[in-house]
Amino acid sequence: MSGFDVLTRGEVLHAALQARDYLVDCGVPAALAAKDPRLWGRRSVDHSRLGWLDLPTASRGLLDQIDGLVAEARYSGLDHIVLIGVGAETYAAQAVMEAHAAHTPALTGGSPGGSPGGAASGGALTVLDGGDTAALATALERLDRTLVVLSSKAGVSLEGDAYRRVFAAAFRDHGLSDREIAGRFLVITDHGSPLHDFARQCGYRIGLTDPYLPGHFGALSAYGLVPAVLAGADAHRLLDEAAALAPALAGHDDNPGLLLGAILGGSAQQGEGGLARDKVVLREPGGSGALTAWIAQLLAVGTGKRGRGVLAFEPPGVPRGCPDAHGIALNPRAATSEDADTSVWAPLGAQFLLWEYATAVAGWLLGVNPFEPGGTSVQEAEDDAAALLRAAAGAGCPAATRCWWTATSRSTPRCRSAPTSGWRRWWRRCWTACRAPATCRWRPTCPGSSPAVTWRPRWRAARCVRWATGTAPATCTRPARSTRTGRAPARS
């Protein structure tokens, strides 16, 4: 399939046309084409948060950078890729492999996850994103051909760290040295994240990504492409499909992404009868697959904020006669379907970009920021996992590190002053970046800042002292009360 189209009907059509006209009048398509972050407020979205619009062309350089890594893995016979991660990025890599298997049935033998047949057949991808003991047992049977990929923007989950420990122990029992074990791990993460620091200390292979790119909008970034490419998928074809759609998203006439976003956001708002159809039922011809799971995750993270959002279901999980749900068919074989109000036709690469664009539009209609990170519970879970990584790194790891690629767009985080909104989140990030000891109660400054100590507004003096070195001592004493600016008290 090379073309793309969105078709809707019934009550959904009326709400979608009204929403689309409103979007055009407000200049949303033109602002997205110009990557103008002011759509969601002056300070709520950074310009680089819209970098996913450039991934169909920007990711081509990434594929050139990992050619050496792919060749080395093939030469070493590592054709079984184990992907450890959670979220939309993991489902994206799985969807790429399913599409690859569908396009090359003769080579893969019809297996949806690839073939276990070696370098010629391109390899296989096993995804570990929870407590699936059967998949883990299958992966442990092929240790001599396994390359483990840890994929996370901040830090692996608690389950992911457990998987990493299991494979490290299994490689050691298999007779591999510490250096050989480090060569069996590839870490894909953001520059300066806790996982980056841990991987550097353990000597794992490292691929750095743009820290400002939202993770759930990264299907066409390293998170979605690199594991699939290592497993033998053709990512160039995927990027060509997305690039073919990009010009249609630049305007408001015949813009399928704008129409799909108007369908999602317009239906989720209350209609004339007071009913909001904020639930969608996703249907694929061969049954629900990784693409359906990726879309559901994207919509949940992108629009599910402030008590609003679009909730996606698979057909078995939807009760019959649900009035606040409408069906969306993905690449249906027929133009119309009794079970779907909307039909979306596009190849996989275009599907990724199309749904990301539609999610951004739907979020704007619902009045939510689709690029905001997860809530406090998600951040607390990431902090717990980061603490485990720091503890594991202290146990001793090989020192050698190979960095295979680095994002070219703003890949180095910079210390910035605390914004007037979201100041608690800023302090948490600064605290994590500086890697302060767990026994220290005071929050240090970011590395590389001015030696002069300043007090932050809205924080008590006892909690906002900034040490000149950027790292708090292992034991901290309560600083003396002072004015908002001044020198730090003497350390004990």
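This text follows the structure it describes.
Residues numbered from 1 in each chain as written. Predicted model: local features only at pLDDT ≥ 70, side-chain atom pairs only at ≥ 80, totals over all residues. Heavy atoms only, no water.

A. Region of interest: the overall build of the protein. Along the protein, the regular secondary structure elements total 17 helices and 11 strands. Classification of the 492 residues of the protein by burial places 50% in the buried group. For the protein, the share of sequence-separated contacts (at least 6 apart) that also reach a separation of at least 24 residues comes to 73%. (Helix = DSSP H or I, 4+ residues; strand = E, 2+ residues; numbered from the N terminus. Buried < 20%, exposed > 50% of the residue type's maximum accessible area, 1.4 Å probe, protein only. Contact = heavy atoms within 4.5 Å.)

B. View of the pairing of strand 1 (residues 5-8). Of the two faces of strand 1, the one lined by Val 6 and Thr 8 is fully buried and the one lined by Asp 5 and Leu 7 carries no buried residue. Both strand 1 and strand 10 (residues 342-345) contribute to a ladder of four bridges, which runs antiparallel. When the bridges of strand 10 are listed, Leu 7 appears paired with Ser 343. (Pairing = 2+ DSSP bridges.)

C. Up close: the nonpolar core. Counting residues in hydrophobic clusters, the biggest one holds 93 residues, and the most contacted among them are Trp 52, Leu 230, Leu 264, Trp 294, Phe 352 and Trp 355. Per-element accounting of this core gives the leading share, 14 residues, to helix 15 (residues 348-366). Once you skip the residues sitting within four places of it in the chain, Leu 264 turns out to touch Val 280, Leu 299, Val 310, Ile 328, Trp 355, Ala 358 and Ala 362. Membership of the second largest hydrophobic core comes to 26 residues, among which are Val 82, Leu 128, Ile 206 and Leu 208. (Core = buried A, V, L, I, M, F, W, Y, C linked by side-chain atoms within 4.5 Å.)

D. Broad picture of the sheet that holds strand 7 (residues 279-283). Spatially, 1-10-9-7-8 is the arrangement adopted by the five strands of the open sheet, whose pairing is mixed. Since the sheet does not close on itself, it has two edges, and those belong to strand 1 and strand 8 (311-313), each with one partner. Each neighbouring strand pair of the sheet contributes to a mean axis angle of 25°, computed without reference to strand direction. By the bridge criterion, three bridges tie strand 7 to strand 8 in an arrangement that is parallel. Directly across from Val 281, in strand 8, lies its bridge partner Phe 313. Those strands touched by helix 14 (residues 290-303) are strand 7, strand 8 and strand 9 (325-330), and its axis lies near 165° from that of strand 7. (Axes fitted to C-alpha atoms, helices over the stretch in contact; angles between N-to-C directions.)

E. Local environment of the pattern of salt bridges. For the structure shown, the criterion picks out 15 salt bridges. Its salt-bridge partner being Arg 60, residue Asp 240 comes within 2.7 Å of it at the nearest N-O pair. In this pair, Asp 240 is assigned in helix 12 (residues 235-245) and Arg 60 in helix 3 (residues 55-65), connecting sequence segments 180 residues apart. Residue Arg 60 is classed as partly exposed on the basis of its relative accessible area of 26%. (Salt bridge = Lys/Arg side-chain N within 4 Å of Asp/Glu carboxyl O.)

F. Broad picture of helix 12. Looking only at helix 12, the buried set comprises Ala 235, Leu 238, Leu 239, Glu 241, Ala 242 and Leu 245. In a view along the axis of helix 12, the buried residues occupy a sector of 155°, so they form one face of it. Contacts from the buried residues of helix 12 go to helix 3, helix 5 (88-103), helix 11 (222-230), helix 13 (256-268) and helix 15. (Arc of directions from axis to C-beta.)

G. The side chain of His 216, seen in detail. By the element assignment, His 216 lies in the loop between strand 6 (205-209) and helix 11. With residues near it in sequence (within four places) discarded, His 216 still touches Ala 88, Trp 294, Leu 298, Val 301, Gly 302, Glu 356, Pro 370, Phe 371 and Glu 372.

H. Molecular detail of the environment of Arg 184. Counting through the fold element by element, Arg 184 comes out in the loop between helix 9 (178-183) and strand 5 (185-190). Separated by 106 residues in sequence, Arg 184 and Leu 78 have C-alpha atoms that sit 8.7 Å apart. If we skip the residues at most four places from it in the chain, Arg 184 touches Leu 78, Leu 143, Asp 144, Thr 146, Leu 147, Val 148, Phe 171 and Leu 176. Among the polar contacts made by the side chain of Arg 184, one reaches the main-chain carbonyl oxygen of Leu 143 at a distance of 2.6 Å. (Polar contact = N/O pair within 3.5 Å; in protein donor to acceptor, adjacent residues only side chain to side chain.)

I. Representation of the layout of surface pockets within the structure. For the second largest pocket, the calculated volume is near 570 Å³. In terms of lining residues, the second largest pocket is bounded by 21 residues, among which Ala 99, Ala 102, Glu 284, Leu 291 and Asn 331 are the most central. Elements supplying a minimum of two residues to the lining of the second largest pocket: helix 5, helix 12 and helix 15. Looking at the lining of the second largest pocket element by element, the count peaks at five residues for helix 5. For the lining of the second largest pocket, the residue count by class is 10 nonpolar, six polar and five charged. (1 Å grid on protein atoms, 1.4 Å probe; cavity = no way out; pocket = protein on both sides within 12 Å on 5 of 7 lines; lining within 4 Å. Points joined across faces, edges and corners; volume = space filled by probe spheres on them. Nonpolar A, V, L, I, M, F, W, Y, C, P; charged D, E, K, R; others polar.)

J. Quick look at the packing of helix 1 (residues 10-25) against helix 13. With their axes 8 Å apart at the nearest point, helix 1 and helix 13 run at an angle of 115° to one another. As the angle between them shows, helix 1 and helix 13 are arranged roughly perpendicular. Regarding helix 1 and helix 13, the two cross each other, and that crossing is right-handed. On helix 13, the residues that touch Val 12, Ala 15, Ala 16, Ala 19, Arg 20, Leu 23 and Val 24 of helix 1 are Leu 258, Leu 259, Ala 262, Ile 263, Gly 266 and Ser 267. Residues belonging to the contact of helix 1 with helix 13 are distributed by class as follows: 10 nonpolar, two polar and one charged. (Parallel < 35°, antiparallel > 145°, perpendicular 65-115°, else oblique. Left-handed = near helix turned anticlockwise from the far one by under 90°.)

K. Quick look at the packing of helix 5 against helix 11. For the pair helix 5 and helix 11, interaxial distance at closest approach is 8 Å and the crossing angle is 40°. Viewed along their axes, helix 5 and helix 11 adopt a mutual orientation that is oblique. Of the two possible hands of crossing, helix 5 and helix 11 adopt the one that is right-handed. Contacts from Glu 89, Ala 92, Ala 93, Val 96 and Met 97 of helix 5 reach helix 11 at Tyr 223, Gly 224, Pro 227 and Ala 228. In terms of residue class, the contact of helix 5 with helix 11 is built from seven nonpolar, one polar and one charged.

L. Representation of the packing of aromatic side chains within the structure. Evaluated as defined, the whole model comprises 10 aromatic pairs. With a centroid separation of 6.1 Å and an interplanar angle of 80°, the aromatic rings of Phe 198 and Tyr 204 are classed as edge-to-face. The exposure class of Phe 198 is buried, given its relative accessible area of 2%. The class for Tyr 204 is buried, based on a relative accessible area of 5%. Aromatic side chains Trp 294 and Phe 352 sit 4.8 Å apart centroid to centroid with 70° between the ring planes, which places their arrangement in the edge-to-face category. Residue Trp 294 is found in helix 14, and its partner Phe 352 is found in helix 15; the two are separated by 58 residues along the sequence. Note on accessibility: Trp 294 and Phe 352 belong to one class, buried. Cluster of aromatic residues (ring-pair linked, three or more members): Phe 167, Phe 171, Phe 185, Phe 198 and Tyr 204. (Phe/Tyr/Trp six-rings, centres within 6.5 Å; stacked < 30°, edge-to-face > 60°.)

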